[in-house]
Amino acid sequence: MRCACIDIGSNTTRLLVADGDPGDGRLRVLAVERVFTAVGAAAAPDGTLPPAKIAEVVAAVAAQAASARRHGAGSTRAVATAAIRRAPNRDLLVSALARAGIELEVLTGEQEARLAFAGAIASGPAPPTDPGHRLGAAGSVAVIDVGGGSTEVVVGRPGSQPGWWASLPVGSSSLTVACVAEDPPSPGCLAGLHAAAAAAFAGLSPPPVELALAVGGSATSLLLLAGPTGPTGPTPEAEAALDDRSLGAVLAVLTAEPVAETARRLGLHPERVRVMPAGVTLLARASRVLGAPLRIARGGLREGVILDLLGPG
């Protein structure tokens, strides 16, 4: 069965088209598209979306819905996360998309966390049941989804619904806007990022975990920075667990030069590079709170949405 997910995030609007077998919980990716719509950055202080930005997002989603049909998707689900969730005028976007024939579901924080957990477990760098990553009898997996406008932390066991979750109202884009006023970020900006991340996670007490998986744009971009690459992309060594030291090294690389130079050298979109220092800082704080280094999962929310479309096996 072929399904598609369109995900309107705070930084990007993304399409994923995949074939799936609900019996084994694995997906075969057929198409991936991304547009930097920067919804969070365009919103007013109270979250209100400008009419021009609503029109831009509608055009992007309509184009991705058409692409999903061209790729043979039998079912497409459009979802939106933090930037749309907190927008007082989100109904204008929902109505505009409805007129274009697209039903938009604005996810709650709990729904976002549950779907990200399912997608990460299904597409992690190695299934937690593999011999090298076998969980103990009481072992749990944490999934950390750093988006542009929120961060979800979810804990549970593979094959079960998560038993603990938290949605924090801070993400890579919102933290960048609040703390980074210089390019490249000054030591003062970086200190502000660390302080804000610490404040966001203050008081959070997740249960013990044996494995922590990071998902989201900042996490997947880390594959280009955290280890060696081969002719077909990041090697297995690039998926090694990331601790405070390795995340600190990544942060140093990201902030050594202006955004444009770093983006050109790494082959990343400048907007992704601009928000990555904040994203990496949030991931490092999550790792510290969880007491576990991070491994990067290749899927998250969108994969979880498609698995949900496929239904139980």
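1. Observations regarding the overall build of the chain
And then number 1: Each helix and strand counted, the chain has 12 helices and 12 strands in total.
And then number 2: Excluding contacts between residues fewer than 6 apart, the proportion of contacts in the chain whose partners are at least 24 apart in sequence is 70%.
And then number 3: For the chain, the exposed surface amounts to about 13000 Å²; the carbon and sulfur share of it is 55%.

2. A closer look at the pairing of strand β6 (residues 141-146)
And then number 1: Along β6, six of the six residues are buried, which leaves the element largely enclosed by surrounding structure.
And then number 2: Of the two faces of β6, both are covered, the one formed by V141, V143 and D145 as well as the one formed by A142, I144 and V146.
And then number 3: Across six bridges, the pairing between β6 and strand β7 (residues 151-156) is antiparallel. Considered in β7, the bridge of I144 is made with V153.
And then number 4: Linking β6 back to β7 in an antiparallel pair, the connection comprises four residues.

3. A closer look at the side chain of T262
And then number 1: Of note, T262 is situated in helix α10 (residues 259-266).
And then number 2: Polar side-chain contacts of T262 include one of 3.5 Å to the backbone oxygen of E257.
And then number 3: With sequence-adjacent residues up to four places away left out, T262 is seen in contact with V253, L254, E257 and V273.

4. Regarding the nonpolar core
And then number 1: In this structure, I144, L222, V280 and L283 are the most contacted members of the largest nonpolar core, which totals 43 residues.
And then number 2: Looking at this core, the element that brings in the most residues is helix α11 (residues 270-290), giving nine residues.
And then number 3: Excluding its chain neighbours within four sequence positions, the residues that come into contact with L222 are L242, L247, V250, M276, V280, L283 and I296.

5. Some thoughts on the side chain of K53
And then number 1: Assignment of secondary structure puts K53 in helix α2 (residues 51-70).
And then number 2: When its relative accessible area of 13% is taken as the criterion, K53 is described as buried.
And then number 3: Each residue touching K53, except ones within four places of it in the same chain, is listed here: T37, A38, V39 and A42.

6. Some details on the sheet that holds strand β8 (residues 164-168)
And then number 1: Pairing in this open sheet of five strands is mixed, and the strands run β8-β7-β6-β9-β12 from one edge to the other. In this open sheet, the two edge strands, each paired with only one partner strand, are β8 and β12 (294-296). Each neighbouring strand pair of the sheet contributes to a mean axis angle of 20°, computed without reference to strand direction.
And then number 2: With five bridges connecting them, β6 and strand β9 (residues 211-215) associate as parallel partners.

7. A word on α2
Residues three or four positions apart in an α-helix share a direction because the helix packs 3.6 residues into each turn.
And then number 1: Its 20 residues place the ends of α2 29 Å apart at the C-alpha level, agreeing with the 28 Å of an ideal helix rising 1.5 Å per residue.
And then number 2: All buried positions along α2 are accounted for by K53, I54, V57, V58, A60, V61, Q64, A65, S67 and A68.

8. Brief notes about the packing of helix α7 (residues 187-201) against α11
And then number 1: Closest axis-to-axis distance for the α7/α11 pair is 9 Å, and the angle between their directions is 45°. On the basis of the axis angle, α7 is oblique to α11. As α7 runs across α11, the sense of the crossing is right-handed. Contacts from L193, H194, A197, A198 and F201 of α7 reach α11 at P277, A278, T281, L282, R285, A286 and V289.
And then number 2: In terms of residue class, the contact of α7 with α11 is built from nine nonpolar, two polar and one charged.

9. Side note on helix α12 (residues 301-310)
And then number 1: The element α12 is largely enclosed, with a buried count of eight among its 10 residues.
And then number 2: All of the buried residues in α12 are L301, R302, E303, G304, V305, I306, L307 and L310.
And then number 3: Phi for G311, located one or two positions after α12, is positive at around 80°.

10. As for the environment of A65
And then number 1: Structurally, the position occupied by A65 is in helix α2.
And then number 2: A sequence separation of 50 residues divides A65 from L15, and the C-alpha atoms of the two residues are 8.1 Å apart.
And then number 3: Apart from the residues within four sequence positions on either side, A65 is in contact with I6 and I102.

11. Remarks on unusual backbone geometry
Leaving glycine aside, a negative phi is the common case for residues, and trans is the common case for peptide bonds.
And then number 1: Residue D183 is joined to P184 through a cis peptide bond whose omega torsion reads 0°.
And then number 2: Here P184 shows up in the loop between α6 (172-179) and α7.
And then number 3: You will see that A38, though not glycine, has its phi angle at about 50°, which is positive.
And then number 4: Relative to the helices and strands, A38 is located in the loop between β3 (26-35) and α1 (39-42).

12. Remarks on the pattern of salt bridges
Side chains that differ in sign of charge can pair as their charged atoms come close.
And then number 1: A complete count under the given rule lists 13 salt bridges for this structure.
And then number 2: Two residues, R2 and D19, come together in a salt bridge whose shortest N-O distance is 2.8 Å. You can see R2 sitting in strand β1 (residues 2-8) and its partner D19 sitting in strand β2 (residues 13-21), a full 17 residues away along the chain.
And then number 3: The shortest N-O distance in the salt bridge between R77 and D308 comes to 2.9 Å. Highlighted residues: R77 in strand β4 (residues 75-80) and D308 in helix α12, separated in sequence by 231 residues.
And then number 4: Judged by relative accessible area, R77 falls into the buried class, the value being 15%.

Criteria and thresholds
- Every chain is numbered on its own, with residues counted from 1 as its sequence reads.
- Where totals are concerned, whole chains, interfaces and linings use all residues; where local detail is concerned, this predicted model gives features only for residues with pLDDT of at least 70, and gives and counts side-chain atom pairs only at 80 or more.
- In computing side-chain values, all of the structure's heavy atoms are included and hydrogens and water are not.
- Each helix is a run of H or I in the DSSP string that is no shorter than four residues. Each strand is a run of E no shorter than two, and both are numbered from the N terminus.
- Contact between two residues is taken to exist if any of their heavy atoms lie within 4.5 Å; hydrogens are not considered.
- All accessible areas in this document rest on Shrake-Rupley with a 1.4 Å probe, and a residue is counted as covered only by the protein chains that are shown.
- Only protein chains enter the accessibility calculation, which uses a 1.4 Å probe. A residue is then buried if its area is under 20% of the maximum for its type, exposed if over 50%, and partly exposed in between.
- One bridge is not enough; two strands pair if DSSP finds at least two bridges between them.
- We call two N or O atoms a polar contact when they sit within 3.5 Å, provided that within protein one can donate a hydrogen and the other can accept it, with sequence-adjacent residues counted only if both atoms are side-chain atoms.
- Among buried residues, the Ala, Val, Leu, Ile, Met, Phe, Trp, Tyr and Cys ones that are joined through side-chain atoms within 4.5 Å form a nonpolar core.
- As a rule, the C-alpha atoms of each element are fitted with a line to give its axis, helices using only the stretch in contact, and angles between N-to-C directions run from 0 to 180 degrees.
- Take the residue count of a helix, subtract one, and multiply by 1.5 Å to get its expected span.
- Here the angle decides the label: under 35 degrees means roughly parallel, over 145 means roughly antiparallel, 65 to 115 means roughly perpendicular, and every other value means oblique.
- It is the rotation of the near helix from the far one that decides the hand of a crossing: anticlockwise by less than a right angle makes it left-handed, clockwise makes it right-handed.
- Classes in brief: Ala, Val, Leu, Ile, Met, Phe, Trp, Tyr, Cys and Pro nonpolar; Asp, Glu, Lys and Arg charged; the others, Gly included, polar.
- Throughout this description, the term salt bridge denotes a Lys or Arg side-chain nitrogen within 4 Å of a carboxyl oxygen of Asp or Glu.

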